[in-house]
Amino acid sequence: MRIGIDVGGTNTDAVLLSADNRLLASVKTPTTPDVTGGVAWAVTDLLAAAAASGVLERIGDLSAVMVGTTHFTNAIVQRRGITPTAVVRLALPATSALPPLTGWPPVLRAAIGREHYLVHGGYEYDGSEIAPLDPGELKRVAADIAGRGLRSVAVSSVFAPVNSEMEVRAAEILRAEVPDLAVSCSHEFGRVGLLERENATVLNAALIELAGQIADALTAALRGAGITAPLLLSQNDGTVMDVEYARRFPVATFASGPTNSMRGAAFLAGLSDCAVVDVGGTTADIGIVAAGFPREAGAVTELAGVRTSFRMPDLVSLGIGGGTSVRGDEFGPDSVGYELTERGLAFGGDDLTLTDLAVAAGLIDLGDPALVSHLDKDHVNRVLAVVGERIADAVDRMRTSSQPLPVLAVGGGSVLVPEVLPGVDGVGEIVRPENFAVANAVGAAIAEVGGEVDRVVRVGAGSRDSVLADVKLEAAERARAAGALPDSIRVVDVEEVPLAYVPGGAVRVRVKAIGQLDVARLGAGDA
């Protein structure tokens, strides 16, 4: 049996799934200002519910706990818990026109720090050196970093995914000179583009200390509930990583919440291709599921105003949620969030929210309907109609063809999604799968593990198949190393982009392989 947990802005959801993925128990608890405390609360309630219904006799029967967390995304957005970070780029004499942190929002750049160093090194697309690495130059950089009291550094290099040797050597030199320095290397983030890969590395380095604190706190919360099963964290591509990996790569959790919701919705509905509307307490996220996984955004995505190359789901997010504030005929994007049950009119508070309108319209039985009975019916229906129109427009924009596409509505705020989307052809009635309110936690519990390779290869005449086979094999091996059952590993995505501006038949190839989690290899009790 496995526990899946998803921490949202308003609620923390937890589910218990059997070995054959049957939902045995579920709870929905308010998210707390101390997010880790909310996780502990949800786990305690879930275990109590499972024990009361007789579906869980011994806590030792649990094989894993999967958590989708917003800790790290919130830290960047709110600029809390960030470790001042230096950036070392191996690239001179190239790339000096665009130094590190170019284009970052000033407030986030101030929180991260402005120390960056351009040194000699880096590769061409075919792995040949731009310039040799200079150990003496790096030792002088290390001395300056130590003198400034910096504790974390991001190391980037041109075409590091093609050849990581210089980054690895630079990390060794920096650690030797400054023993307590945390080092994040850009080749570990996979994608080819320098600036976006470097930005992702900087964000990771800035979260490295917080990652250790969160990993310790979540592990302690589970141990406090008597759980010794391994702890896994959701990644933004629908796979999971163990807690030790999460300590090194916290940025991999970004946007894991919407990914969990979409995968969970498709799983609950038994569909592999569909559109998903996930309405929580603060936002409505609309995305497309293809072959059971969220459609990914393009090569460049933005987080808190920073261009990155994260594997993000392609989403449209609207300021529509159960806690969204209503002022006259206008609503959002602000939300009362996890304070809904304190501040909402239907709960005795003073704030008018979309949940209050849903209660007044009879869409949901929540709180005390008498407290919202005075609301003008025309006003209620007018605002809810606009909510439906905005969701319908977002679904229509996400579609890439006129072919019929099922639309699933999930999440605690999905009562705001109308039964029929106005003005959208090729979409029937909205489908609300059983247990739709906890689809995000189900998505966390069914997550698999994966491996990805993204590199530039030379494809000669008649060699394409063998080149692709080698890259697929490497992706599968990475999935196996990440903890996938070898017999379950499959390639789910292959992308080829010929680089017309590069001579010699160069092609950028990206391959993703995934497989079922090999729980036995995790070693129960090691969490």
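Residues numbered from 1 in each chain as written. Predicted model: local features only at pLDDT ≥ 70, side-chain atom pairs only at ≥ 80, totals over all residues. Heavy atoms only, no water.

You'll find the protein entered in an unreviewed UniProt entry as Hydantoinase subunit beta, with Kibdelosporangium phytohabitans given as the organism.

Novice: Please clarify how the overall build of the protein should be interpreted in this entry.
Specialist: Helix and strand counts for the protein stand at 14 helices and 22 strands. For 527 residues, the compact-globule formula gives about 24 Å, and the C-alpha radius of gyration of the protein, at 24 Å, lands near that figure. With 527 residues in all, the protein has 53% of them scored as buried. Taking as baseline every contact in the protein between residues at least 6 positions apart, the subset at least 24 positions apart corresponds to 68%. With the model as given, the accessible surface of the protein reaches about 21200 Å², and the carbon-plus-sulfur share is 52%. Averaged over its 43 positive side-chain charges, the protein has a centre that lies 5 Å from the centre of its 65 negative ones. (Helix = DSSP H or I, 4+ residues; strand = E, 2+ residues; numbered from the N terminus. Rg over C-alpha atoms; globule rule 2.2 N^0.38 Å. Buried < 20%, exposed > 50% of the residue type's maximum accessible area, 1.4 Å probe, protein only. Contact = heavy atoms within 4.5 Å. Areas by Shrake-Rupley, 256 points an atom, 1.4 Å probe, with all protein chains shown as cover. Lys, Arg positive; Asp, Glu negative; His and termini not counted. Charge placed at Lys NZ, Arg CZ, Asp CG, Glu CD.)

Novice: Whenever I open this one, the environment of Ala469 confuses me. Can you help?
Specialist: By the element assignment, Ala469 lies in helix α13 (residues 464-482). Measuring from C-alpha to C-alpha, the distance between Ala469 and Ala265 comes to 33 Å, with 204 residues separating the pair along the chain.

Novice: Help me understand the domain arrangement of the protein in this model?
Specialist: Its domain assignment divides the protein into domain 1 (2-76 + 213-269), domain 2 (78-212) and domain 3 (447-523). Domain 2 and domain 3 are separated by 26 Å when their C-alpha centres are compared. (Domains from an automatic or database assignment.)

Novice: Looking at this model, I keep getting lost on the packing of helix α2 (residues 71-78) against helix α6 (residues 194-224). Mind explaining?
Specialist: The description of two packed helices rests on the angle between their axes and on the distance between the axes. At a minimum axis distance of 10 Å, the contact between α2 and α6 shows a crossing angle of 130°. Classified by the angle between their axes, α2 and α6 sit oblique to one another. When you trace α2 past α6, the crossing you get is right-handed. Residues His71, Phe72, Ala75 and Ile76 of α2 pack against Leu203, Leu207, Leu210, Ala211 and Ile214 of α6. When grouped by side-chain class, the residues that make up the contact of α2 with α6 number eight nonpolar, one polar and no charged. (Axes fitted to C-alpha atoms, helices over the stretch in contact; angles between N-to-C directions. Parallel < 35°, antiparallel > 145°, perpendicular 65-115°, else oblique. Left-handed = near helix turned anticlockwise from the far one by under 90°. Nonpolar A, V, L, I, M, F, W, Y, C, P; charged D, E, K, R; others polar.)

Novice: Mind showing me how you'd approach the UniProt feature "domain: Hydantoinase/oxoprolinase N-terminal" (unreviewed entry) in the protein here?
Specialist: Listed under "domain: Hydantoinase/oxoprolinase N-terminal" (unreviewed entry) in the UniProt record, and renumbered for this structure, are residues 2-177. Helix makes up 34% of residues 2-177 and strand 26%. Its end C-alpha atoms lie 44 Å apart. (UniProt positions renumbered as here; feature names shortened; annotations may be inferred.)

Novice: So what exactly am I meant to see when it comes to the pattern of salt bridges here?
Specialist: Opposite charge on two side chains permits pairing when their charged atoms draw close. Counting across every chain of the model gives 31 salt bridges. Salt-bridge contacts for Arg148 lead to Glu115; the nearest nitrogen and oxygen are separated by 3.6 Å. Placement of the pair is Arg148 in the loop between α4 (135-147) and β7 (152-157) and Glu115 in the loop between α3 (106-112) and β6 (116-120), with a sequence separation of 33 residues. When its relative accessible area of 25% is taken as the criterion, Glu115 is described as partly exposed. Shared partners join several salt bridges into a network, and the residues in it are Glu296, Glu452, Asp493, Glu495, Arg510 and Lys512. (Salt bridge = Lys/Arg side-chain N within 4 Å of Asp/Glu carboxyl O.)

Novice: Hey, could you run me through the packing of aromatic side chains in this one?
Specialist: When we look at a pair of aromatic rings, we describe it by the centre distance and by the angle of the planes. The tally for this structure, following the rule as stated, stands at one aromatic pair. With a centroid separation of 4.6 Å and 45° between ring planes, the pair formed by Tyr245 and Phe249 is classed as tilted. Residue classification places Tyr245 among the partly exposed residues on the basis of a relative accessible area of 34%. Residue Phe249 is classed as buried on the basis of its relative accessible area of 5%. Directly above the ring of Phe293 sits Arg263, whose terminal nitrogen or CZ lies 4.2 Å from the centroid. (Phe/Tyr/Trp six-rings, centres within 6.5 Å; stacked < 30°, edge-to-face > 60°. Lys NZ or Arg CZ within 6 Å of the ring centre and 35° of its normal.)

Novice: Could you clarify how one ought to interpret the sheet that holds strand β2 (residues 11-17) in this entry?
Specialist: Within a sheet, adjacent strands bond to each other through the backbone by hydrogen bonds, running parallel or antiparallel. The six strands lie next to each other as β3-β2-β1-β4-β9-β10, forming an open sheet whose pairing is mixed. Taken across any chain shown, the strands that pair with only one partner, and hence form the sheet edges, are β3 (23-30) and β10 (240-242). Sheet twist, expressed as the average angle between the axes of neighbouring strands with direction ignored, equals 20°. On top of the sheet, helix α1 (residues 35-52) reaches β1 (2-7), β2 and β3; it is set at about 140° to β3, its chief contact. (Pairing = 2+ DSSP bridges.)

Novice: In this structure, what is going on with the nonpolar core? I would like to understand it.
Specialist: Inside soluble globular proteins, nonpolar side chains tend to come together where they are buried. Ile3, Leu16, Leu62, Ile227 and Phe254 are the most contacted members of the largest nonpolar core, which totals 59 residues. Looking at this core element by element, the count peaks at 12 residues for α6. Lining this core are residues from two domains, each supplying at least three of them: domain 1 (2-76 + 213-269) and domain 2 (78-212). With near-sequence residues (within four places) excluded, Phe254 lies in contact with Phe72, Thr73, Ile76, Leu203, Leu207, Asn236, Leu303, Phe310 and Met312. (Core = buried A, V, L, I, M, F, W, Y, C linked by side-chain atoms within 4.5 Å.)

Novice: How should I be thinking about the pairing of β7 in this particular structure?
Specialist: Taken across its six residues, β7 has six buried, putting it largely inside the fold. Residues Ser152, Ala154 and Ser156 point to one face of β7 and Val153, Val155 and Ser157 to the other, with burial holding for every one of them. Where strand β5 (residues 85-92) and β7 come together, six bridges link them in parallel fashion. Following the sheet pairing, Val88 is matched in β7 by Val155.

Novice: Even after reading the chapter, I still don't get the environment of Gly483, so can you show me in this structure?
Specialist: Positionally, Gly483 belongs in the loop between α13 and β21 (490-498). Remark: the alpha-carbon pair of Gly483 and Val519, spanning 36 residues in sequence, is separated by 8.0 Å.

Novice: How should the packing of α4 against helix α5 (residues 165-177) be read in this particular structure?
Specialist: For the pair α4 and α5, the least separation of the axes is 9 Å and the interaxial angle reads 45°. Between α4 and α5, the angle falls in the class oblique. When you trace α4 past α5, the crossing you get is right-handed. On α5, the residues that touch Pro135, Leu138, Lys139 and Ala142 of α4 are Ala170, Ile173, Leu174 and Glu177. A per-class count over the contact of α4 with α5 returns six nonpolar, no polar and two charged.

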